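Commentary on secondary and tertiary structure
Below, each chain spelled out in residue letters.
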Amino acid sequence: MAQLSVTLVGRRLRNPLVLAAGILGLSADGMLRVFRSGIAAVTTKSFSLNAWHGNPNPVVADLGFGLLNAVGLANPGAQHMIREITTLLRNRVPVIASIFGTSLEELEVVGRLLRRLPLLAVELNVSCPHVKEVGGTFVTNYDLLRKAVRVVARASGKPVIVKLPAEPSRIIEMAEAAEDGGAAGFTATNTIAATDIDVELVRPVLSVTYGGMSGPALRPIALACVYTLYEVTEKPIIGCGGVESWVDAVKFILSGARCVGIGTAFSKEQPEQLVPRILSGIRSYMRRHGYGSIEEMIGAAHKR
Ligand SMILES: Cc1cc2nc3c(=O)[nH]c(=O)nc-3n(C[C@H](O)[C@H](O)[C@H](O)COP(=O)(O)O)c2cc1C
């Protein structure tokens, strides 16, 4: 029988599938629903110390080959999100709390608030491409990135998974800085900066012009990031970008991902259909290829 279970930052998960940050991740109800559909762990919407209002509408456009979004990390703040997380933990859901901040001081306070919670990990979002204070600061200043990871790890006492941007050409430097700061793992990747134009209105479709592209269009870029990362780090990688089938999930695992994040696909298909279909596809792929466990598959595409 193919073993779908996998270890992530020291915890055994029932399979490699993780809910990506930001999709169905604002309320305990939404995350519980995805967990009950069979996913192994959930990542919350990224939250900051205080409520953050994000960008004015329109903030989402479906381009057919993925979503363009500029939600701008809108969230109700740490205290509210901790209440949602507490409900999830009471229901034995493995939770990754995704956080962001605009300064090291803010990250430290949020980290401390999370200290008493039995989280699977804290995911540090330093890569949102449509929030300048977040996506444009930490990943362009490697010293600051190193410090941010260290501050969150110390304050929270939790494994810190760093969410990296979809930039294959700089991913090694960013990962090295994060690892220096004590990163326990990586999520690759966040959305990639993109735009689209409404030709009738003669203006960008999003209020803030640029957003982040997710879904199938992002997949080959995210895969390149995972493949590259796997060659330079021993830390676990959550591969994320455009996963909507078992084939996509297997591609990420063979490239080096230990877990696979799913986000945008939930905007097209109900979790109750999507998650079991991906899991049963992975299971039959493992049988056909003689893999006894996910562990045996991780990074297998590098060995030929
Ligand atoms: C509407 C929307 C909101 C998102 N919000 C967040 C967020 O709060 N924090 C974060 O780290 N990533 C966020 N993301 C990025 C996803 O977590 C994921 O990295 C990206 O969408 C690629 O995966 P996917 O193609 O499966 O969606 C968001 C993506 C979408 C589409």
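Since this is a predicted model, take the numbers as computed values, not measurements.

Secondary structure assignment for the chain yields 10 helices and 16 strands. The C-alpha radius of gyration computed for the chain amounts to 18 Å, which stays within 12% of the reference 19 Å derived for 304 residues, consistent with globular compactness. Expressed as a percentage of the 304 residues in the chain, the buried residues total 52%. The long-range share in the chain, meaning contacts at least 24 apart out of those at least 6 apart in sequence, stands at 71%.

Turning next to the sheet that holds strand β16 (residues 259–262). In spatial order, the strands read β3-β4-β7-β8-β9-β10-β15-β16; together these eight strands close into a barrel with parallel pairing. The mean inter-strand angle of the sheet, taken between neighbouring strand axes irrespective of direction, is 25 degrees. Two elements, strand β3 (residues 17–19) and β16, share three bridges in a ladder whose sense is parallel. Paired with L17 across the strands is V260, a residue of β16.

The subject of this paragraph is the site of the ligand. Not every one of the 26 residues close to the ligand is listed here, only the nearest: G22, S46, S214, G263 and T264. A breakdown of the residues in the shell around the ligand according to their chemical character gives 11 nonpolar, 13 polar and two charged.

It is worth spelling out the environment of V18 at this point. Mapped onto the elements of the fold, V18 is located in strand β3. Sequence-distant contacts of V18, defined by excluding residues within four places in its chain, comprise I39, A40, A41, T43, I238, C259, V260 and G261.

Attention now goes to the packing of helix α5 (residues 142–156) against helix α6 (residues 171–180). At a minimum axis separation of 7 Å, α5 and α6 run at an interaxial angle of 40 degrees. On the basis of the axis angle, α5 is oblique to α6. Relative to α6, the crossing made by α5 is right-handed. For the pair α5 and α6, contact is made by Y142, L145, R146 and V149 and by E173, M174, A177, A178 and D180, respectively. Its residues assigned to classes, the contact of α5 with α6 shows six nonpolar, no polar and three charged.

The complete set of buried residues in helix α3 (residues 104–114) reads L107, V110, G111 and L114. The buried side chains of α3 occupy one side of the element, clustering within an arc of 105 degrees when seen end-on. If you follow the buried residues of α3, they end up packed against α2 (78–90), β7 (95–99), β8 (121–125) and α5.

For the rest of this paragraph, the subject is the sheet that holds strand β5 (residues 60–62). In a beta sheet, neighbouring strands pair by backbone hydrogen bonds and run either parallel or antiparallel. Read across the sheet, four strands follow the order β5-β6-β14-β11 without closing on themselves; strand pairing throughout is antiparallel. At either margin of the open sheet sits one strand with a lone partner, and together these are β5 and β11 (192–194). Averaged over all neighbouring strand pairs, the angle between strand axes comes to 35 degrees, with direction disregarded. The pairing of β5 with strand β6 (residues 67–69) spans three bridges and is antiparallel. Note that in β6 the partner of V60 across the bridge is N69.

What follows is about the pairing of β8. Judged by how many residues are buried, β8 sits mostly within the fold: five of five residues are covered. Judged from the four bridges that link them, β7 and β8 form a sheet pairing that is parallel. If you follow I99 over to β8, its bridge partner there is L124. Sheet topology places β8 next to strand β9 (residues 160–164); four bridges connect them, and they run parallel. In the strand pairing of β9, N125 is matched with K163.

Bringing the packing of helix α8 (residues 246–255) against helix α9 (residues 271–289) into the picture now. Here α8 crosses α9 at 60 degrees, and the two axes come no closer than 8 Å. Relative to α9, α8 is oriented oblique. Seen along the crossing, α8 lies across α9 with a hand that is right-handed. Note on element contacts: α9 touches α8 through I278, G281, I282 and Y285, opposite W246, A249 and V250. Looking at the contact of α8 with α9, its residues break down into six nonpolar, one polar and no charged.

Here we come to the pairing of strand β15 (residues 237–240). Residue alternation in β15 divides its side chains into two sets, I237 and G239 and I238 and C240, and both sets are buried. Bridging between strand β10 (residues 185–188) and β15 involves three bridges; their strand directions are parallel. In the strand pairing of β15, F186 is matched with I237. Pairing of β15 with β16, which is carried by three bridges, proceeds in the parallel orientation. Counted as the bridge partner of G239 is V260 from β16.

Reading the values: rules and limits
Residues numbered from 1 in each chain as written. Predicted model: local features only at pLDDT ≥ 70, side-chain atom pairs only at ≥ 80, totals over all residues. Helix = DSSP H or I, 4+ residues; strand = E, 2+ residues; numbered from the N terminus. Rg over C-alpha atoms; globule rule 2.2 N^0.38 Å. Buried ≥ 20, exposed ≤ 12 C-beta atoms within 10 Å, placed from the backbone. Contact = placed C-beta atoms within 7 Å. Pairing = 2+ DSSP bridges. Axes fitted to C-alpha atoms, helices over the stretch in contact; angles between N-to-C directions. Near = placed C-beta within 6 Å. Nonpolar A, V, L, I, M, F, W, Y, C, P; charged D, E, K, R; others polar. Parallel < 35°, antiparallel > 145°, perpendicular 65-115°, else oblique. Left-handed = near helix turned anticlockwise from the far one by under 90°. Arc of directions from axis to C-beta.

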